[in-house]
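# Results of the structural survey
Below, each chain spelled out in residue letters.
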Amino acid sequence: MRGVQVPFTRRSFLGGAAALPAFWSWALADETPPPSVLYRRAAPPITSADQVINVMDFEGLARTALPPAHFAYIATGVDDDRTVVRNHEAFAHYEIRARRFADLRRIDTSRKVFGTSWASPLYVSSVSSERAFHPQGELAVARACKSRATQFMFCTGSSVSLAECAAAHGVPLWHQLYATDDWTVTLGLLRRAEAAGCSAIALTVDLRSYPRYNETLVRAIREDSRQCTNCHVNNTHDMWRRGPVFAGLDVSRVTTLAPSDITVEFLDRLRAQVKSRLIIKGIVTGEDAELALAHGADGIVVSNHGGRDEESLRASIDCLPEVVAAVKGRIPVFVDGGIRRGTDIFKALALGATAVGIGRPQAWGLAAFGQSGVEAVLDILNRELVAIMRQAGTPTLADITTASVVRSIA
Ligand SMILES: Cc1cc2nc3c(=O)[nH]c(=O)nc-3n(C[C@H](O)[C@H](O)[C@H](O)COP(=O)(O)O)c2cc1C
């Protein structure tokens, strides 16, 4: 895993390229990727997390560190992966209006979320099966989050147990929840989460057809001759049959993580059982935000699952304003999808997000350097956020408003 040799010059446009099928013929041929158009000289190899310049550098490191199928599991979207690409590229539609005469002697990135003070408006979102990226998997992510005082959203598809991650994280986790088509099992997951002290349940509502047809992943699996029976018993991707989060529950009647009856009646039923906060993850319209709120949501995550579920072509940052308008400040609105820069965080806050989540960047950092890789991802994003807050003349998060961005006319 360590000492991976990649050029120092990789630049962010690779994020989009990596998600395109055409990328794979290049990636799998193991050729050197095209360098930045501005800096074409070869640079020394990256051998530790502290040498990494920006978050997108980690993508290349992960690609080199991981077998094709595991890297493709991170990269993949559905169909042509265009929603994955759009999630990131759409941030370029928003330009920052920098103000000059602010007093910058004290920069404060802290934010109150559900009554708890966060040092930064950045959290680590749920990513399943992280031991496919590093032997310590979610444990390393939980430790990194602890060391950087960052909220970690534990995943139903975690490859490390809830108890271990809760102990490593130190403060209450958020628990992403997939409903199954067996209410007893769904309730069992909820009870365990709350018994482990999780302070919020984030119900994922964007997975409506399962299994998904992640073409990029399917292509890479065909290229990858290794046997993965340790991770996938009989090569099944049914996480309820193999995941530690389901261990000890009777999953014999579960057939899907995308039950057809995730309706508002289901929200009512779940709400009646959730004692902690209920976050609805995967909302992309104002109408659904209103429904989620009316049926008991304490928070909403604007998300299209990192473009992994439907080829909507709508970037989550472009969905954020209508959700914020519908919610009218009554509950926190979070957003994830394509956040790779401190400026992306800034723009999301300007458009009304309370805080932002990252998915792939943590997996890339983890694959490259384990815990220190995830820590570096968080450090880079937080450092870049401070830099743009200074540049934009917004010393506190409250200073970042809709007036801080303008939509590009290009
Ligand atoms: C490899 C991978 C696995 C994921 N697994 C889950 C999951 O099990 N449940 C879930 O709600 N979201 C899952 N997500 C989505 C993330 O929580 C998040 O919404 C998304 O990755 C954000 O977009 P980004 O990757 O561009 O940062 C996963 C994302 C990735 C990349």
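As a further point, take the overall build of the chain. Each helix and strand in the chain was counted, giving 16 helices and 12 strands. Residues counted as buried form 50% of the 410 residues belonging to the chain. In the chain, the share of contacts with a sequence separation of at least 24, taken over all contacts with a separation of at least 6, comes to 75%.

Quick look at the sheet that holds strand β5 (residues 153–154) now. Within the open sheet, the eight strands sit side by side as β4-β11-β10-β9-β8-β7-β6-β5. Their pairing is parallel. Edge strands, defined here as strands with exactly one partner in the open sheet, are β4 (122–124) and β5. As paired elements, strand β7 (residues 200–204) and strand β8 (residues 277–283) share five bridges and run parallel to each other. Residue pairing in the sheet places Ala 202 in a bridge with Ile 279 of β8.

This part covers the environment of Thr 256. In this structure, Thr 256 sits in the loop between α10 (239–242) and α11 (264–271). For Thr 256, a count of 17 C-beta atoms within 10 Å puts it in the partly exposed group. Setting aside residues up to four positions removed in sequence, Thr 256 forms contacts with Thr 180, Asp 181 and Tyr 210.

Moving on, we get to the nonpolar core. By size, the foremost hydrophobic cluster in this structure holds 114 residues, and its most contacted members are Ala 62, Ile 300, Val 302 and Val 323. Among the elements that line this core, the one with the most residues is helix α16 (residues 371–392), at 10 residues. Not counting residues within four places of it along the chain, the set of residues in contact with Val 323 comprises Ile 283, Gly 286, Ala 289, Ile 300, Val 302 and Val 333.

Moving on, we come to the site of the ligand. As a matter of local geometry, the ligand sits amid 24 residues, with Ser 125, Ser 128, Gly 306, Gly 359 and Arg 360 nearest to it. Residue assignment for the shell around the ligand shows that the elements contributing at least two residues are α4 (68–75) and α15 (360–369).

α15 packs onto helix α3 (residues 55–65) with a crossing angle of 55° between their chain directions and a minimal axis gap of 8 Å. When the axis of α3 is compared with that of α15, the two are oblique. As for the relative orientation of α3 and α15, their crossing is left-handed in sense. Along its contact with α3, which presents Val 55, Phe 58, Glu 59, Leu 61, Ala 62 and Ala 65, the element α15 presents Pro 361, Ala 363, Trp 364, Gly 365, Ala 367 and Ala 368. When its residues are assigned to classes, the contact of α3 with α15 shows 10 nonpolar, one polar and one charged.

Okay, the pairing of strand β9 (residues 299–302) next. Neither face of β9 is open: one carries Gly 299 and Val 301, the other Ile 300 and Val 302, and all of them are buried. In this structure, β8 lies alongside β9, joined through four bridges in parallel fashion. Bridge pairing in β9 places Ile 280 opposite Ile 300. Each parallel crossover has a hand, and the one from β8 via helix α12 (residues 286–294) to β9 is right-handed. Across three bridges, β9 lies against strand β10 (residues 333–336) in parallel orientation. From the neighbouring strand, Val 302 faces β10, where its bridge partner is Val 335.

The next thing to look at is the pairing of strand β11 (residues 355–358). Here β11 shows no split at all, with Ala 355 and Gly 357 on one side and Val 356 and Ile 358 on the other all buried. Relative to β11, β4 is paired through three bridges, and the arrangement is parallel. Bridging across to β11, Tyr 123 finds its partner in Gly 357. Bridging between β10 and β11 involves three bridges; their strand directions are parallel. Counterpart to Phe 334 in the pairing with β11 is Ala 355. At this point the chain moves from β10, through helix α14 (residues 342–350), to the parallel β11, and the crossover so formed is right-handed.

This brings us to the confidence of the model for the chain. Mean pLDDT over the chain works out to 89, with 86% of the residues at or above the 70 mark. Here residues 1–31 scores under 50 on pLDDT; set against residues more than four positions off or in separate chains, the count is 71 contacts.

What counts and what doesn't
Residues numbered from 1 in each chain as written. Predicted model: local features only at pLDDT ≥ 70, side-chain atom pairs only at ≥ 80, totals over all residues. Helix = DSSP H or I, 4+ residues; strand = E, 2+ residues; numbered from the N terminus. Buried ≥ 20, exposed ≤ 12 C-beta atoms within 10 Å, placed from the backbone. Contact = placed C-beta atoms within 7 Å. Pairing = 2+ DSSP bridges. Core = buried A, V, L, I, M, F, W, Y, C linked by C-beta atoms within 7 Å. Near = placed C-beta within 6 Å. Axes fitted to C-alpha atoms, helices over the stretch in contact; angles between N-to-C directions. Parallel < 35°, antiparallel > 145°, perpendicular 65-115°, else oblique. Left-handed = near helix turned anticlockwise from the far one by under 90°. Nonpolar A, V, L, I, M, F, W, Y, C, P; charged D, E, K, R; others polar. Right-handed = clockwise from strand over helix to strand, strands pointing away. pLDDT = per-residue confidence, 0-100.

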